[in-house]
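Architecture and fold: a report
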Amino acid sequence: MARNNRSRKRDADYEPLDVERLTTGWRRTEVRKGREWTVQPISALNAAKSYTCPGCSLEIAPGVSHLVAWRNDGILGDLADVEARRHWHEACWRMS
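Residues numbered from 1 in each chain as written. Predicted model: local features only at pLDDT ≥ 70, side-chain atom pairs only at ≥ 80, totals over all residues. Heavy atoms only, no water.

1. Let's talk about the pairing of strand E5 (residues 66-71)
- Judged by how many residues are buried, E5 sits mostly within the fold: five of six residues are covered.
- In this structure, strand E2 (residues 35-42) lies alongside E5, joined through six bridges in antiparallel fashion. Bridge pairing in E5 links Ile42 to His66.
- In this structure, E5 lies alongside strand E6 (residues 86-88), joined through three bridges in antiparallel fashion. Paired with Leu67 across the two strands is Trp88, which belongs to E6. (Buried < 20%, exposed > 50% of the residue type's maximum accessible area, 1.4 Å probe, protein only. Helix = DSSP H or I, 4+ residues; strand = E, 2+ residues; numbered from the N terminus. Pairing = 2+ DSSP bridges.)

Structure follows, in structure tokens:
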């Protein structure tokens, strides 16, 4: 019978993947011009619809990776901030 070379210690240290972190697409917080924004990258595989970039007013076609950004500190609350989110080209977001 073949010997199992797998370390038992590795199995004991196993931690399940954080699905929440994986599904948020590396969401992060940035401060721009004194306002706090949540920025979430959208991969080309997950980009299914077309959007208009507020930075350049050009179309972000389906299948093009881009960013989604929304304010964290709006006066109307979190729900209004998320509803006001915008899809940006990555370069346009960096230049804004």
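2. Observations regarding the nonpolar core
- With nine residues, the main nonpolar core is built from Trp37, Val39, Cys53, Ile60, Leu67, Ala69, Trp88, Cys92 and Trp93.
- At the level of secondary structure, the elements contributing two or more residues to this core comprise E2, E5 and helix H4 (90-95). (Core = buried A, V, L, I, M, F, W, Y, C linked by side-chain atoms within 4.5 Å.)

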